[in-house]
Structure formats: C-alpha cells, structure tokens
Amino acid sequence: MKSIASELAYFLRGRARLNLKYLVYYCAFLAGVILLYAVLFRFLMWHLEGREFSLIAGIYWAITVMTTLGFGDITFHTDPGYVFAAVVTVTGVVFLLIILPFGLISLFLAPWIEHRLRYRPALELPPETSEHVLIFGLDAVTRTLIRKLENRRIPYAVVTPHADEVSRLEEHEGIRVVCGSPTDPRVLDSVRVAAARHVIANLSDPENINICLTVRALCDTPIAAMVSAADHGELLRLAGASQTIPLHKILGRYLATRATTQGAMAHVLDSFGSLQIAEIPVHGTPFSGQTLAAAQVRQRTGLAVIGLWQRGSFTTPTAATLLDDHALMVLAGTREQLDALEQLTGEQTLEDLVFILGHGRVGCAAATFLDRRPVPFILVDREENPACDEHVPVYGDATGRDLLRKAGLENAKGLIVTTNDDSTNIFLTLASRHTHPHARIVARANADENVPQLYAAGADFVVSNASVGASILLNVIESKTSVFLTEGIDVFRRLLPPRLADLTIANSQIRNKTGCSIVALEPPQGAAPLIMPPPETVLKSGMGMILIGSPEQEELFSRLYPKEG
Ligand code: ADP
Ligand code: ZN
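Let me begin by describing the structure that accompanies this report. (Residues numbered from 1 in each chain as written. Chains lettered and ligands numbered in written order. Predicted model: local features only at pLDDT ≥ 70, side-chain atom pairs only at ≥ 80, totals over all residues. Heavy atoms only, no water.)

### Some remarks on the nonpolar core
Part 1 of the argument: The biggest cluster of nonpolar side chains holds 85 residues, and the ones touching the most others in it are Ile135, Leu145, Leu149, Ile306, Phe355, Ile356 and Ile416.
Part 2 of the argument: Beyond its immediate sequence surroundings of up to four residues, Leu149 is in contact with Val133, Ile135, Ile154, Tyr156, Leu474 and Ile477.
Part 3 of the argument: Residues Leu134, Val191, Cys212 and Val215 belong to the second largest nonpolar core, which totals 23 residues. (Core = buried A, V, L, I, M, F, W, Y, C linked by side-chain atoms within 4.5 Å. Buried < 20%, exposed > 50% of the residue type's maximum accessible area, 1.4 Å probe, protein only. Contact = heavy atoms within 4.5 Å.)

Written out as structure tokens, the structure is:
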C-alpha cells in the first residue's frame with residue numbers, strides 16, 4: 001500500500017506534475033471536439049435526413065464513431081452524412097487512438113520506468129565531504145535536528161541499512177541518506193566518518209555501543225549517544241561516546257520541575273557553576289497577582305526573573321509585567337537565593353501531590369526526580385514497567401471512567417501526562433482540566449505537531465520530546481554549554497570578550513548590538529556570580545558572562561565578539 005501511494009506521488013512532483021497539467025488540457029480539448037461533433041451531428045441529421053436526435057444521442061454517436069466502435073444503431077443515409085461520419089472516424093483515430101496513448105507513454109510511463117531504473121541509493125559520500133554530521137537512527141528527535149541543521153547550513157547524512165526506506169526519505173522528505181550498516185567499518189569509511197564533525201548514535205543502547213566501538217576503532221570523531229536506560233550511560237562512555245544524552249531522564253526532570261508547587265529547590269532545571277536556572281510556578285508564591293516591580297523578587301531574594309512562561313509562550317518581563325497565578329517564572333540565582341525564596345514561600349506552600357499518568361521511561365524519571373525532593377506523587381499505568389522495581393503504580397487505564405477519581409485525583413495539585421500516545425495525552429489533559437480547573441497540568445508531546453492541541457486541551461505546560469532532544473543535540477554539535485528554555489530562547493555562557501574589558505555594561509552596548517541580555521557575571525576566582533548586574537557595573541577581563549537570547553542573537557554575539565586568543 002505504502003509503495004503504491006509513493007509511486008502515485010511520483011506523478012505529483014516536478015516534471016510529471018507539469019505533464020499531468022498538459023493531460024488535463026488535452027482531455028478538455030477532446031471533450032470540446034466531441035461536443036462540437038454532437039452538435040454538428042444533430043444539425044446534419046435534421047437538415048439532411050429530417051430526423052431529430054437529443055444532444056445525449058449526439059454525444060453517444062460521436063464517441064462510438066471516434067473510438068471506431070460504431071455500433072451501427074444510428075447511421076447516416078446520405079452522401080454528405082457519410083463524409084461527415086468518415087471525418088469524425090479519422091479524427092477519432094488520430095486524437096484518441098494515436099495521440100492520446102502516445103502522449104501517455106512518452107509523458108508518464110517512459111519517464112517513470114526510467115526513474116525506477118535509474119534510482120540507486122547512495123552508498124557513499126563524495127570524498128571531499130567534511131565537517132558533516134552523521135546520524136544513525138531517524139526518529140522525531142533526529143528529524144527535528146535535521147531541520148535545525150539545514151537552517152544552519154550544517155551538512156549531514158543519515159545512514160540506514162534499509163534500502164527500501166532510502167528513496168522514500170530522499171524523495172518525500174528531502175533527507176540526505178546513505179544506505180549501509182552503521183556498524184560496518186567499510187560503510188563508516190565511505191561516509192567519511194574520520195572527517196565528520198560529529199556522530200549522532202540514536203539507535204538502541206546495544207546498537208549505539210556497537211557504533212561507538214566501531215567508530216573509535218577508526219577515528220576520534222566526537223560521538224553523541226542517546227541513552228535509553230540511564231544506567232547504560234557509563235557503558236556508552238566506556239565504548240567511546242563523547243557525550244551521552246539520557247533524553248527520557250531529562251524529559252522526566254523537565255516535566256517534574258514544572259508540575260510541582262513545592263519548595264524552590266525542586267525546580268532547578270540546570271546550572272552554570274553556582275548559578276542555577278529554575279522554573280517556578282507563580283502560584284504558591286507571595287508574588288502572585290502583583291507586577292514584577294511591586295513583587296520585589298530581586299530585593300527580597302536576590303533572584304532575577306529572566307523570563308515568564310504563560311501557556312507555552314515565553315516573554316522577557318519588564319517592571320510592569322503582571323505575575324499571573326498561572327504563569328511560570330524562570331529565575332536565575334544561587335542556591336542560597338533559592339533557599340531564601342523557599343523560606344518566603346514555605347509557609348504558603350500547599351500540601352503538594354502530583355499524579356503521573358504513564359510509568360514509561362519518562363514517567364519513571366519524573367517519579368524518581370520528585371521522590372528525591374521529596375514531593376509526594378501517585379503513578380498510574382495500565383502495565384508493569386519491567387525496568388523499574390522502585391515505584392508502585394496504580395494499575396489501570398487512565399482514560400477509564402473512575403480510575404483516576406478512585407485514586408484520589410481531586411487531591412492532586414499537579415498532573416504529569418506522559419503516555420507514549422499523543423491522542424491519549426490530549427484526552428487525559430482535556431478530561432483532567434474539565435474536572436480540575438485549578439490543577440497544574442504538564443503534558444508531554446511525542447510529536448511536535450501535537451503541542452498546540454495539548455495547550456488547547458488545557459495544559460499549563462507542554463514539553464516536546466522532539467524539540468528538547470533536538471536542541472540538546474544541537475548544543476552538543478555546536479559545543480555550546482547552554483540551557484534550553486524553549487524553541488528560540490537559550491541561556492548560554494561566554495568568556496568576556498577582551499575588547500569589552502573595563503567598560504561598564506551600559507557602555508558595552510551588548511544589548512543594543514546583539515539583543516542578548518546579561519543574566520549574570522561570574523567573577524574570575526569562583527566568587528559568587530553577580531545576578532542581573534546593574535548597567536553601571538564594570539566588566540573585568542577574565543569574567544564569565546551568562547547571557548539569554550535567541551539562537552540568532554547568540555550567533556550575532558559570536559560574530560561580533562569572536563573568540564580571541
Ligand atoms: P517512554 O519510555 O517514552 O516514557 P513508554 O512507551 O515506555 O514511553 O511509556 C508509556 C507508558 O504509558 C507505558 O508504560 C504505557 O503502559 C502507558 N500508557 C499508555 N496509555 C495508557 C493509558 N491509557 N492508561 C495508562 N497508562 C497508559
Ligand atoms: Zn519507576
């Protein structure tokens with residue numbers, strides 16, 4: 001079925017599509033000729049032989065004569081009539097029986113056969129290929145990564161052993177593919193692994209280990225390996241992986257930090273040295289309902305609000321921005337400052353309880369994360385998770401009528417929806433939002449295209465597997481240390497460009513020239529970072545800078561201030 005559809009799709013592309021247009025014009029021309037003959041037929045029959053026929057009978061007569069079927073049930077009996085019938089027969093033979101089949105063969109059949117015969121999957125990359133990214137294992141994450149690589153004009157190739165997949169990927173999705181086994185040294189050689197910029201191993205853990213060992217036997221190209229079971233990370237590194245990415249664990253952590261309303265330390269997403277980046281719901285803090293200026297977050301805790309999430313949209317707040325109860329604050333600060341926030345919110349923190357729907361790898365990682373904080377949670381799954389002997393879920397179908405109610409969903413403050421099926425996630429989000437308008441619902445999108453539906457169903461926050469995974473991989477490929485906040489916003493670290501030394505922040509014009517904002521300055525000798533330094537702060541050589549900005553702004557920064565020395 002798949003191959004018929006893909007063969008048909010051939011006729012809707014490029015030259016074939018243009019030819020299809022000509023075919024439609026030609027059929028319209030034929031229909032016009034038939035209609036003309038039908039009208040002439042009626043006219044001649046009436047004037048030559050005094051017989052009257054309907055237009056339908058005329059069309060029928062023209063078609064039977066033109067196709068040389070001529071049943072003989074309607075015939076002329078006069079010489080001019082015979083001449084007319086002969087002309088119709090001859091034009092029918094020429095237009096319908098010669099030109100039409102000839103056109104179909106030369107415009108469609110022959111190019112299609114030629115295309116089929118000519119197609120050979122690529123078995124190697126050109127010898128001059130270098131600085132390319134080799135991807136083993138194509139899924140939603142690597143597809144999103146490919147889009148990002150294409151936008152940045154970084155060359156790449158996907159290596160797959162499935163020859164039948166190659167033409168579909170190349171022709172339908174425009175993905176560059178080489179056919180061959182990823183663990184065959186000759187194949188790795190023919191895709192120029194030694195000259196590659198990075199290898200992405202995105203198959204199962206054992207296959208990834210095999211890839212790492214094979215690549216390492218040939219060259220030192222860095223390898224980023226996705227890890228399925230977190231405890232395999234060590235083995236992958238032993239096998240030669242330069243970076244291991246436990247995506248499920250990271251996703252679980254992202255979901256968990258955004259679902260709980262408890263204590264500030266439970267929300268740390270990532271850190272740069274002693275500077276922590278945390279995402280905390282406004283709900284449950286004393287700042288709710290106030291403007292950023294009135295809330296005095298900075299004065300009371302030392303923390304800086306560097307961003308605000310509101311149902312999936314990220315904004316950089318100004319003094320007049322309202323801290324809405326449903327919003328999520330992105331904070332930057334030290335552990336002590338987060339502790340100060342915890343003191344402040346401590347008395348107000350409600351008894352937290354998080355429901356986790358789906359105990360797969362992501363759900364299990366979220367549970368482990370909450371367990372360490374500790375935030376109480378209840379897991380729900382219809383099956384046992386053979387990889388986990390730590391958690392005891394409530395068993396049953398979460399979409400069933402009474403299961404969640406009986407498990408005590410009305411006491412839940414937060415809900416993590418993380419099954420592997422997006423429709424189920426949308427259903428669970430909608431149903432829970434309906435019965436629990438005030439719960440904090442965080443959902444996982446397996447495919448990027450379901451993110452808007454999850455927000456529409458009522459999720460407060462959606463974490464997309466594909467974009468988180470692809471952003472992490474891109475960071476690794478571009479050797480950046482950055483925290484991925486959302487598609488389009490990164491927090492990243494740079495050393496102070498020497499030419500900005502001894503200028504004040506205001507005079508450095510960093511914001512005007514690049515659009516990036518300074519989140520913090522890190523003084524050289526490991527002293528506490530200066531968070532959201534005021535414009536009159538003097539930049540000192542050797543300082544680290546933590547900046548926030550879009551990937552384009554970050555690129556502009558790198559271009560204006562290339563690494564010197
Ligand atoms: P991942 O490892 O990426 O988290 P999995 O496929 O391992 O994904 O996990 C998804 C989990 O969600 C599975 O354990 C599955 O049993 C569970 N699940 C899927 N649909 C439902 C449902 N309707 N009710 C309860 N659990 C579900
Ligand atoms: Zn578990």
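What follows picks up the thread again.
### Some points on the side chain of Thr301
Part 1 of the argument: Mapped onto the secondary structure, Thr301 falls in helix H12 (residues 297-301).
Part 2 of the argument: By relative accessible area, which is 7% here, Thr301 ends up buried.
Part 3 of the argument: There is a polar contact of 2.6 Å between the side chain of Thr301 and the backbone oxygen of Val297.
Part 4 of the argument: From its side chain, Thr301 meets the backbone nitrogen of Leu303 in a polar contact 3.0 Å long.
Part 5 of the argument: Those residues in contact with Thr301 that sit more than four places away from it in its chain are Gln337, Ala340, Leu341 and Leu344. (Helix = DSSP H or I, 4+ residues; strand = E, 2+ residues; numbered from the N terminus. Polar contact = N/O pair within 3.5 Å; in protein donor to acceptor, adjacent residues only side chain to side chain.)

### A look at the site of ligand 1
Part 1 of the argument: Every one of the 16 residues lining ligand 1 counts as a neighbour, but Arg361, Asp381, Asp397, Asn420 and Arg444 are closest to it.
Part 2 of the argument: For ligand 1, a nitrogen atom lies 2.7 Å from a polar atom in the side chain of Asp397.
Part 3 of the argument: Between an oxygen atom of ligand 1 and a side-chain N or O atom of Arg444, the distance comes to 2.6 Å.
Part 4 of the argument: Relative to its unbound accessible surface of 570 Å², ligand 1 loses 87% to contact with the protein.
Part 5 of the argument: Residues that form the shell around ligand 1 fall into these classes: two nonpolar, nine polar and five charged. (Near = heavy atom within 4 Å. Areas by Shrake-Rupley, 256 points an atom, 1.4 Å probe, with all protein chains shown as cover. Nonpolar A, V, L, I, M, F, W, Y, C, P; charged D, E, K, R; others polar.)

### A closer look at the pairing of strand E2 (residues 156-160)
Part 1 of the argument: For E2, the tally of buried residues reaches five of five residues, placing the bulk of the element in the interior.
Part 2 of the argument: Residues Tyr156, Val158 and Thr160 point to one face of E2 and Ala157 and Val159 to the other, with burial holding for every one of them.
Part 3 of the argument: As judged from the four bridges shared by strand E1 (residues 133-136) and E2, these two strands associate in the parallel manner. Bridging across to E2, Phe136 finds its partner in Val159.
Part 4 of the argument: One crossover worth recording links E1 to the parallel E2 by way of helix H5 (residues 140-151), and it is right-handed.
Part 5 of the argument: Sheet topology note: the E2/strand E3 (residues 177-179) ladder contains three bridges and is parallel. Paired with Thr160 across the strands is Cys179, a residue of E3.
Part 6 of the argument: Running through helix H6 (residues 163-173), the crossover from E2 to the neighbouring parallel element E3 is right-handed. (Pairing = 2+ DSSP bridges. Right-handed = clockwise from strand over helix to strand, strands pointing away.)

### So, unusual backbone geometry
Part 1 of the argument: You will see that Gln509, though not glycine, has its phi angle at about 60°, which is positive.
Part 2 of the argument: Relative to the elements of secondary structure, Gln509 occurs in the loop between helix H19 (505-508) and helix H20 (510-514).
Part 3 of the argument: Even without being a glycine, Met532 presents a positive backbone phi close to 40°.
Part 4 of the argument: Structurally, Met532 can be placed in the loop between strand E21 (530-531) and strand E22 (544-549).
Part 5 of the argument: For Met532, a relative accessible area of 27% corresponds to the partly exposed category.

### So, the pattern of salt bridges
Part 1 of the argument: Inspection of the entire model under this criterion finds 13 salt bridges.
Part 2 of the argument: Arg51 serves as the salt-bridge partner of Glu49, at 3.0 Å between the closest nitrogen and oxygen.
Part 3 of the argument: Looking at Arg51, the relative accessible area reads 28%, which means it is partly exposed.
Part 4 of the argument: Glu522 serves as the salt-bridge partner of Arg493, at 2.8 Å between the closest nitrogen and oxygen. Of the two residues, Arg493 sits in strand E19 (residues 489-495) while Glu522 sits in strand E20 (residues 517-522), which places them 29 residues apart along the sequence. (Salt bridge = Lys/Arg side-chain N within 4 Å of Asp/Glu carboxyl O.)

### Section: helix H21 (residues 551-560)
Part 1 of the argument: Among the residues of H21, Pro551, Glu554 and Phe557 are the ones counted as buried. Summarising the axial view, the buried residues of H21 lie within an arc of 115°, below the 170-degree limit, and thus occupy one face. Of the residues in H21, the exposed ones pointing more than 90 degrees away from the buried face are Glu552 and Arg559.
Part 2 of the argument: At its buried positions, H21 is contacted by E19, H20 and E22. (Arc of directions from axis to C-beta.)

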